[in-house]
Amino acid sequence: MQPEHLRLLGGLLAAPTEESLPLLQTLAEEHPWLRPGVAELANLPLDQWQGEHTRLFVNGYPKTVCPPFESAYRQGCMHGPATGELSDLYRRLGLTAGEVPADYLGTELEAAAWLLEQPNTTELWHELWNNHLAIWTARFANDLQAGSQLHLYQDLGKQIAALFGTQP
């Protein structure tokens, strides 16, 4: 497992902006699995891409398809116990989640990548992976693959599922 791959997956959860497509086009040169999604997005207005991002991750109606938050999957609410557990873990690492909830998938993947790069953190990496990511992320990935209307997010779901050896 490569830290750069974890960071890429986490970064793809971010809300799309004007700069997102050119960045993805550059990334697709090194990551061929991004190419179908980039080709589709090149022909799609940004507001439609942003709408799909919002529907999937932020505020879908009647239900958000796959909120990228551990508490939403494990406890059925935002800011559940997982948020506090992860805040404590990050504090032990000397990290903070910043302005996003500690249980945001992008933050968890960034922390996992950081831990892979640090010496003598195997135990903490396993704590993050086994007690958090492995519990809910495969289900999130399957929901993303099934619920997205865009190749980018379907393929992101496949990449995340592959981290856990699962497919829908």
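Here the structure is a predicted model, which is why all the values come from computation and not from measurement.

(A) Examining the overall build of the protein chain more closely. Looking only at helices and strands, one finds 9 helices and 0 strands in the protein chain. Along the protein chain, from the amino end to the carboxyl end, the secondary structure elements read α-α-α-α-α-α-α-α-α. Since a compact globule built from 168 residues should have a radius of gyration of about 15 Å, the 16 Å found for the protein chain is in line with a globular shape. Of all 168 residues assigned to the protein chain, the portion counted as buried reaches 47%. In the protein chain, the proportion of contacts linking residues at least 24 apart, taken out of those at least 6 apart, comes to 60%. When the accessible surface of the protein chain is split by element, carbon and sulfur atoms take 52% of a total near 8500 Å². Taking the average location of the 9 positive side-chain charges in the protein chain and that of its 20 negative ones, the two points are 7 Å from each other.

(B) Representation of the pattern of salt bridges within the structure. All told, the structure shown has 7 salt bridges when counted by the stated rule. A salt bridge links Glu110 to Arg7, with the nearest nitrogen and oxygen atoms 3.0 Å apart. Of this pair, Glu110 sits in helix H7 (residues 105-117) while Arg7 sits in helix H1 (residues 3-11), and the two are 103 residues apart along the sequence. What makes Arg7 partly exposed here is its relative accessible area of 26%. Linking Arg74 and Glu70 is a salt bridge whose minimum nitrogen-to-oxygen distance equals 2.5 Å. In this pair, Arg74 and Glu70 both sit in helix H5 (residues 70-74), 4 residues apart, roughly one turn of the helix.

(C) Just helix H3 (residues 35-42), in detail. Regarding H3, the residues found buried are Gly37, Val38 and Leu41. Summarising the axial view, the buried residues of H3 lie within an arc of 100°, below the 170-degree limit, and thus occupy one face. Structurally, H3 contributes buried residues whose contacts are with helix H2 (20-30), helix H4 (46-58) and helix H9 (151-163).

Calculation criteria
Residues numbered from 1 in each chain as written. Predicted model: local features only at pLDDT ≥ 70, side-chain atom pairs only at ≥ 80, totals over all residues. Heavy atoms only, no water. Helix = DSSP H or I, 4+ residues; strand = E, 2+ residues; numbered from the N terminus. Rg over C-alpha atoms; globule rule 2.2 N^0.38 Å. Buried < 20%, exposed > 50% of the residue type's maximum accessible area, 1.4 Å probe, protein only. Contact = heavy atoms within 4.5 Å. Areas by Shrake-Rupley, 256 points an atom, 1.4 Å probe, with all protein chains shown as cover. Lys, Arg positive; Asp, Glu negative; His and termini not counted. Charge placed at Lys NZ, Arg CZ, Asp CG, Glu CD. Salt bridge = Lys/Arg side-chain N within 4 Å of Asp/Glu carboxyl O. Arc of directions from axis to C-beta.

By themselves these figures say nothing about function.
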